[in-house]
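Overview (structure and organization)
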Amino acid sequence: MSQFSKVKELVDSLEDDFAKFYDKGNQAAGTRVRKGMQELKNLAQEIRIDVQNIKNN
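Remember, it's a predicted structure, so these values are computed and weren't measured experimentally.

**Considering the environment of Ser5**
On the secondary structure map, Ser5 appears in helix H1 (residues 2-24). The spacing of Ser5 and Asp17 is 12 residues in sequence and 20 Å in space, taken between C-alpha atoms.

**Things to note about the pattern of salt bridges**
What the rule picks out here adds up to 1 salt bridge. Notably, a salt bridge pairs Arg32 with Asp17, separated by 2.9 Å at the nearest N-O pair. Of this pair, Arg32 sits in helix H2 (residues 27-56) while Asp17 is found in helix H1, placing the two residues 15 residues apart along the sequence.

**Some points on the packing of aromatic side chains**
A ring pair, where both rings are aromatic, is described by two values, the distance of the centres and the angle of the planes. Here the structure, examined in full by the defined rule, presents 2 aromatic pairs. The interplanar angle of 10° and the centroid separation of 6.0 Å between the aromatic rings of Phe18 and Tyr22 together place this pair among those described as stacked. With a gap of 4 residues between them, Phe18 and Tyr22 both fall in helix H1, about one helical turn apart. In this structure Phe18 comes out as partly exposed when scored by relative accessible area, which is 29%. Taking relative accessible area as the criterion, Tyr22 reaches 59% and is therefore assigned exposed. A ring pair is formed by Phe21 and Tyr22, whose centres lie 5.0 Å apart and whose planes are at 75°; its orientation type is edge-to-face. Each residue in the set Phe18, Phe21 and Tyr22 is aromatic and connected to the rest through ring pairs, giving one cluster.

Conventions used here
Residues numbered from 1 in each chain as written. Predicted model: local features only at pLDDT ≥ 70, side-chain atom pairs only at ≥ 80, totals over all residues. Heavy atoms only, no water. Helix = DSSP H or I, 4+ residues; strand = E, 2+ residues; numbered from the N terminus. Salt bridge = Lys/Arg side-chain N within 4 Å of Asp/Glu carboxyl O. Phe/Tyr/Trp six-rings, centres within 6.5 Å; stacked < 30°, edge-to-face > 60°. Buried < 20%, exposed > 50% of the residue type's maximum accessible area, 1.4 Å probe, protein only.

In structure tokens:
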């Protein structure tokens, strides 16, 4: 369940940067959003592999 907490924390940490990028057009915030979304993608992949391994055992 700690992996789910990591996902929530990551999404929460990106909230300000999303607002800065989409509402104010801050390009640096957009870069941080892209980086955070890549981390989210990698974390999601790890979770998918873990779930698959548990399911198959």
